[in-house]
Every structure is written in C-alpha cells, then in structure tokens.
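Each chain, letter by letter, is given below.
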Amino acid sequence: MWHLKDWILNDAQFRARDREELKRDIHASRCLLICADLANGSKHLSLNNPKTDARLWERSGFHFDASKGICRDIYYVVCDDRSDEYDGMEIRDLLRRCRNEWQSIINRHYHSRIDDDWAAFLNNLPTN
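I will try to describe carefully the structure that is included in this document. Everything numeric here is computed off the predicted structure, so don't read it as measured data. (Residues numbered from 1 in each chain as written. Predicted model: local features only at pLDDT ≥ 70, side-chain atom pairs only at ≥ 80, totals over all residues. Heavy atoms only, no water.)

Some thoughts on the nonpolar core
Our working rule: Only buried Ala, Val, Leu, Ile, Met, Phe, Trp, Tyr and Cys residues count toward a nonpolar core, and they belong to the same one when joined by side-chain atoms within 4.5 Å. For the exposure calls, accessible area comes from a 1.4 Å probe over protein chains only, and a residue counts as buried if that area is under 20% of its type's maximum, exposed if over 50%, partly exposed in between. A run of DSSP states H or I qualifies as a helix once it reaches four residues; a run of E qualifies as a strand once it reaches two. Both are numbered from the N-terminal end. Contacts are assigned to residue pairs with any non-hydrogen atoms lying within 4.5 Å of each other.
Core analysis: the largest hydrophobic core is formed by 24 residues, its most contacted members being L22, I26, L32, V77, Y86 and L94. For this core, the secondary structure elements donating two or more residues are α1 (4–10), α2 (19–27), α3 (30–43) and α4 (91–109). At seven residues, α3 tops the list of elements feeding residues into this core. Not counting the four nearest positions on each side in its chain, Y86 is found in contact with R30, C31, I34, V77, C79, L94 and R97.

Written out as structure tokens, the structure is:
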C-alpha cells in the first residue's frame, strides 16, 4: 500500500494536477502514514524515524474454522493513544481503509488526457 506513493509521485503518466498538493494529501493521511511505518518497520531491522506512534501489536490472533475453510493469523495495530481510532484495529481493516484513501486521493488528483481533450473541444466551440 505505501510503495504506491513512489509510483504515483514519480510516474509522469499519472498526470497529477498539482504534484505538491498530491504529496501533501498523501502525507496528511493518518492511515497511509501508519501503513508506511508498518511497511518500513517490517522491511528494516528497526524504524528510526516513525511517522506515527502506531505499530503492530506483538500479540496476534488466530482464526480457524475448518467448516468454512478459514485458517488465518490476525494482526492488530496499537497506538500510544488508546483513544486513537486505529488502536486495536485489525490489519485487514487498516488496509481496506488505506485502499479507500488511495482511491479518494487518486480521484482528486488524477488529470486525464480526456480532461485536456474535453477542454480543447469546449474552447473550440463557436461562440454564436
């Protein structure tokens, strides 16, 4: 989820309306920043400059239901502030929220060639 930031910010084909505003929106999203900390914390031995106080809880759960074919580990986010909306959130719920946040950011910032073609068409209409 987090590495999508580098693709969006550096891909000229994305055609952001305003790259700096796009960058600000990405870095203003708490769920994406938590995702960044979790991604970087799992990639490196230690996380020296966390963006948030959130982390994976050292305990995990386990859901097993043979009749439904369910066998999965469950991981939770914990925050220093126990009133934080992300404290105790199951990781899959966090990832769904991040996905929705990306969709919202992309919808706000993506500038398609169709937008340009439509603007050109409108500018070339007769004024009578």
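A short note on the side chain of K5
Convention followed: Counting of polar contacts relies on pairs of N or O atoms within 3.5 Å, with two restrictions inside protein: one atom must be capable of donating a hydrogen and the other of accepting it, and residues adjacent in sequence are counted only when both atoms are side-chain atoms.
With respect to the helices and strands, the residue K5 is situated in helix α1. A polar atom in the side chain of K5 sits 3.1 Å from the side chain of D6. Leave out the neighbours within four places in its chain, and K5 touches I26, H27 and W102.

Regarding the pattern of salt bridges
The line we're drawing: Salt bridges are counted wherever a side-chain nitrogen of Lys or Arg sits within 4 Å of a carboxyl oxygen of Asp or Glu.
Applying the stated criterion across every chain, the model contains nine salt bridges. For the salt bridge of K5 with D6, the shortest nitrogen-to-oxygen distance reads 3.1 Å. K5 gets classed as buried once you look at its relative accessible area, which sits at 14%. Classification of D6 as partly exposed rests on a relative accessible area of 40%. Put simply, R30, D53 and D84 are held in one network by salt bridges that share partners.

Topic: the environment of T52
With respect to the element layout, T52 can be found in the loop between α3 and β1 (55–65). Along the primary structure T52 and R30 are separated by 22 residues, whereas in three dimensions their C-alpha atoms are 8.0 Å apart. Every residue in contact with T52, bar those within four places of it in the chain, is listed here: R30, L33, I34 and D37. Engagement of the side chain of T52 in a polar contact is seen with the backbone nitrogen of A54, the distance being 3.1 Å.

Everything listed here is a matter of coordinates, which is why it stays silent on function.
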